[in-house]
Structures are given as structure tokens and as C-alpha cells.
Amino acid sequence: MATEEIINRVANSKLITFNLEDYYPKGQRVTFDISSWLLEGFVLRESAFREEAKNYDWSQYQDCYVALYCSTEAIIPAWAYMLIATYLQPYAKKTVNGSLEDLESILYTEVIQQMDLSALADKPVIIKGCANKPVPKNAYLLLINKLQPIVKSIMYGEACSSVPLYKKPKN
């Protein structure tokens, strides 16, 4: 019985795997719900709100990414979030208004905007689909927008079972 050498065609291909998880910004993510500073969770009284912000221990957010939100249906003026951001500024790495998913999307927007992807010019790229870290769906769209003008092709998934998304037209 003759034995043939098994050749890993995926490993030998020119396909470049791009894993957004590799670009996950390190740091603790936290949320801050301002509803507890509102009268009955709904009414913002400026003097009381300012007093809460002034007396709060903001140092606990050192090197954290913070998502500010209100868990009630209260109408919150923009200045309230801005005021909290001024207190967080010396401590937090980033402060946003919204959910943790909004925070992740903003972080990835910044990361993707700063990427130099010129090394991927005219190469086939597969964007890895499975992630253990919370990579927001929007990050994949941002990456497609950045990759499409420069790469030869884009696929999604794993090399053994990928979904073709884009192929540069031949001139």
C-alpha cells in the first residue's frame, strides 16, 4: 500500500487571515448608569446632579473604558453626559455615551482608521469570523470598507469553510 504525503493547501496558499480580535484594545470596560442621580430616576435637577458628580470617587475608573447611559426613559440633556466626562477625563482611557456595544464600535473605529493595510495590496484576505472577545459587527463593516479598495479578494470565516464576499474585477 503506497502512502501519499498529505499536503496542507491552506497553509501553502497566499491567503492572509485577518483576525479583528488581534486588535482588541486592552482594558476594562464598564458602564455608568446616571439614573441613580435623577430624582425618582427620571428628573434631572441640576444642582443635585452637579453635587453628586463633584463628590463621586472617579478614581475607580482609572484606565477603564466607560460607557455612560441612563437605564430609565428620562430625557437627559447633553451637558449632563459632558459634565460626567469632564470628571472621568483624568482617569478613563475613553468615555462614550451609549452601550458597551457602542463603546466597542467606537474603539474599533479608531483602531481600523489607524491601520496601515498597504502590505495587503492585491492579496487574497480572509476575515476570521469566530471571536472570543466582543468584536462588534460594525467593526467588520469598517474593515471591509478599508480593505476593499486595496485587496485582491475578501472572504469571511475560516480557510477551510469561507464565504466569498468580494473579488477585484479584472481590468
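Residues numbered from 1 in each chain as written. Predicted model: local features only at pLDDT ≥ 70, side-chain atom pairs only at ≥ 80, totals over all residues. Heavy atoms only, no water.

## Remarks on the pairing of strand E3 (residues 65-69)
Quick reminder of the rule: Burial here depends on accessible area, computed with a 1.4 Å probe over protein chains only, as a share of the maximum for the residue type. Under 20% is buried, over 50% is exposed, and the range in between is partly exposed. A run of H or I in DSSP becomes a helix once it reaches four residues, and a run of E becomes a strand once it reaches two; helices and strands are each numbered from the N terminus. By definition, the crossover connecting two strands over a helix is right-handed if that path, from the first strand to the second, turns clockwise as seen with the strands pointing away from the viewer. Two strands make a pair as long as DSSP finds a minimum of two bridges between them.
The buried fraction of E3 amounts to 4 of the 5 residues, a majority that puts the element mostly inside the structure. Assessed by its sense of winding, the connection that carries the chain from strand E2 (residues 29-33) through helix H2 (residues 46-55) to E3 is right-handed. Both E3 and strand E4 (residues 94-97) contribute to a ladder of 4 bridges, which runs parallel. Within the sheet, the bridge partner assigned to tyrosine 65 lies in E4 and is lysine 94. Following the chain from E3 across helix H3 (residues 78-88) to the adjacent parallel E4, one finds a crossover that is right-handed.

## Remarks on the packing of H2 against H3
What counts here: Axis definition: a line fitted to C-alpha atoms, limited for helices to the stretch in contact. Angles are taken between N-to-C directions and run from 0 to 180 degrees. Each angle is binned into one of four classes, with values under 35 degrees roughly parallel, values over 145 roughly antiparallel, values of 65 to 115 roughly perpendicular, and all other values oblique. Handedness of a crossing is defined here by the sense of rotation of the near helix relative to the far one, left-handed for an anticlockwise turn of less than a right angle and right-handed for a clockwise turn. Here a residue-residue contact requires only that any non-hydrogen atoms of the pair lie within 4.5 Å. Here the nonpolar group is Ala, Val, Leu, Ile, Met, Phe, Trp, Tyr, Cys and Pro; Asp, Glu, Lys and Arg are the charged ones; every other residue, Gly included, is treated as polar.
Packing of H2 against H3 brings their axes to within 10 Å, and their N-to-C directions diverge by 20 degrees. As far as their axial angle goes, H3 and H2 are roughly parallel. The hand of the H2/H3 crossing is right-handed. Between H2 and H3, the residues in contact are Glu46, Phe49, Arg50, Ala53 and Lys54 and Trp79, Ala80, Leu83, Ile84 and Tyr87, respectively. Tallied by class, residues from the contact of H2 with H3 come to 7 nonpolar, no polar and 3 charged.

## Brief notes about helix H5 (residues 137-147)
Going by this rule: The directions considered for the arc run from the helix axis to the C-beta atoms.
Every buried residue of H5 is listed here: Ala139, Tyr140, Leu143, Ile144 and Leu147. Seen end-on, H5 carries its buried residues on one side only, within an arc spanning 140 degrees. Across H5 from its buried face, at more than 90 degrees, point the exposed residues Leu141 and Asn145. Those residues of H5 hidden inside the fold are in contact with strand E1 (16-18), helix H4 (100-114), strand E5 (124-127), strand E6 (153-158) and strand E7 (161-167).

## Brief notes about the confidence of the model for the protein
This is how it is decided: pLDDT runs from 0 to 100 and stands for how confident the predictor is about each residue.
In this model, the protein carries an average pLDDT of 92, and 93% of its residues clear a pLDDT of 70 or more. Note on residues 7-12: pLDDT under 50 across the span, and 2 contacts to partners over four residues away in sequence or across chains.

## A look at the side chain of glutamate 21
Test applied: Residues counted as positive are Lys and Arg, residues counted as negative are Asp and Glu, and His and the chain ends are not counted. Here, a salt bridge means any side-chain nitrogen of Lys or Arg that lies within 4 Å of a carboxyl oxygen of Asp or Glu. In the analysis that follows, any N or O atom pair within 3.5 Å is treated as a polar contact, provided that within protein one partner can donate a hydrogen and the other can accept it, and provided that, for residues neighboring in sequence, both atoms belong to side chains.
Mapped onto the fold, glutamate 21 is located in the loop between E1 and E2. Comment: no salt bridge for buried glutamate 21; closest opposite-charge side chain is lysine 128, at 5.4 Å. At 2.3 Å, the side chain of glutamate 21 and the backbone nitrogen of asparagine 132 are in polar contact. Those residues in contact with glutamate 21 that sit more than four places away from it in its chain are Tyr108, Ala131, Asn132, Lys133 and Val135.

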